[in-house]
Amino acid sequence: MKKLSTTQDLLFHDMNQGHSIFERYWKSSSLPPRERHINRPRLGYRRDKVLSRLLNLEMQAAVERVSSYSGEMIANVCKELGLPNPHTA
């Protein structure tokens, strides 16, 4: 397995692994479809904790970037572009 370095890589690998486990279960089970769905395996990996922490950090960084724009900065940009200020409109 290659070294996973980005959140996108981790997310892609996690989704593929979950899909393969589900497919393996679905094909090997002899239960009726409804019961197969009810008794499907619940996925929980150690990597999920790492992935959720990384996604949380990325989301916090995005929120900080967006919140760093002040109302004055938005007002100035809107004034320069000739657009109405969305905060006062």
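Above this note sits the structure.
Here is what the cut-offs are and how they apply
As a convention, each chain's residues are numbered from 1 in the sequence order in which they are written. Whole-chain, interface and lining totals are the exception, using all residues; otherwise, since this is a predicted model, local features are given only for residues with pLDDT of at least 70 and side-chain atom pairs are given and counted only at 80 or more. Side-chain numbers come from the whole structure's heavy atoms, not from hydrogens or water. In this description a helix means any DSSP run of H or I spanning at least four residues, a strand means any run of E spanning at least two, and both kinds are numbered starting from the N terminus. When accessible area is computed with a 1.4 Å probe and restricted to protein chains, residues below 20% of their type maximum are described as buried, those above 50% as exposed, and intermediate ones as partly exposed. In this analysis, two residues are considered to be in contact whenever any of their non-hydrogen atoms come within 4.5 Å of each other. For accessible areas, the Shrake-Rupley method is used with a probe of radius 1.4 Å. Any residue's cover is judged against the shown protein chains and nothing else. Only residues above 30% relative accessible area that lack a salt bridge enter a patch, with like-charged residues linked at up to 9 Å and the nonpolar side chains Val, Leu, Ile, Met, Phe, Trp and Tyr linked at up to 5 Å. Throughout this description, the term salt bridge denotes a Lys or Arg side-chain nitrogen within 4 Å of a carboxyl oxygen of Asp or Glu. Two residue types count as positive, namely Lys and Arg, and two as negative, namely Asp and Glu; His and chain ends fall outside the count. Polar contact is defined as a pair of N or O atoms within 3.5 Å, subject to the rule that within protein one atom must be able to donate a hydrogen and the other to accept it, and that residues adjacent in sequence are counted only when both atoms are side-chain atoms. One less than the residue count of a helix, multiplied by 1.5 Å, gives the span that helix is expected to have. Here, the arc refers to the directions that run from the helix axis to the C-beta atoms. Two rings belonging to Phe, Tyr or Trp (six-membered ring only in the last case) form a pair when the distance between their centres is within 6.5 Å. Interplanar angles under 30 degrees mark stacking, angles over 60 mark edge-to-face geometry, and anything in between is tilted. In our convention, an over-ring charge means Lys NZ or Arg CZ found within 6 Å of a ring centre and within 35 degrees of that ring's normal.

Engineer: Which residues make up the overall build of the protein, and what values go with them?
Structural biologist: For the protein, the helix and strand inventory stands at 4 helices and 0 strands. The N-to-C order of helical and strand elements in the protein reads α-α-α-α. Put simply, the protein has 89 residues, and 12% of those count as buried. Counted over contacts in the protein with a minimum sequence separation of 6, partners at least 24 positions apart contribute 40%. Split by element, the accessible area of the protein, about 7,600 Å² in all, is 58% carbon and sulfur.

Engineer: How would you sum up a nonpolar patch on the surface? Please name residues and give values.
Structural biologist: Together, Tyr69, Met73, Val77, Leu81 and Leu83 make up an exposed nonpolar region whose accessible area comes to about 500 Å². Locating Val77 in the fold gives a position in helix α4 (residues 71-81).

Engineer: With reference to specific residues and values, describe the side chain of Arg36.
Structural biologist: Here Arg36 lies in helix α2 (residues 33-38). Buried charged residue Arg36 carries no salt bridge. Nearest counter-charge: Glu23, at 8.9 Å. A polar atom in the side chain of Arg36 sits 3.1 Å from the backbone oxygen of Leu31. If near-sequence neighbours (up to four positions away) are discounted, Arg36 is found in contact with Tyr25, Trp26, Ser29 and Leu31.

Engineer: So what's going on with helix α1 (residues 7-28)? Residues and values would help.
Structural biologist: In this model, α1 (22 residues) spans 32 Å end to end at C-alpha, consistent with the 32 Å of a helix rising 1.5 Å per residue. The set of residues buried in α1 consists of Thr7, Leu10, Asp14, Gly18 and Tyr25. The buried residues of α1 all sit within an arc of 65 degrees when viewed along its axis, so they share a single face. Turned more than 90 degrees from where α1 packs its buried face, Gln8, Phe12, Arg24, Lys27 and Ser28 sit exposed.

Engineer: Before we move on, could you go through the packing of aromatic side chains and cite the residues and values that matter?
Structural biologist: When we look at a pair of aromatic rings, we describe it by the centre distance and by the angle of the planes. Evaluated as defined, the whole model comprises 1 aromatic pair. Lying over the aromatic face of Trp26, Arg36 brings its terminal NZ or CZ to 4.5 Å of the ring centre.

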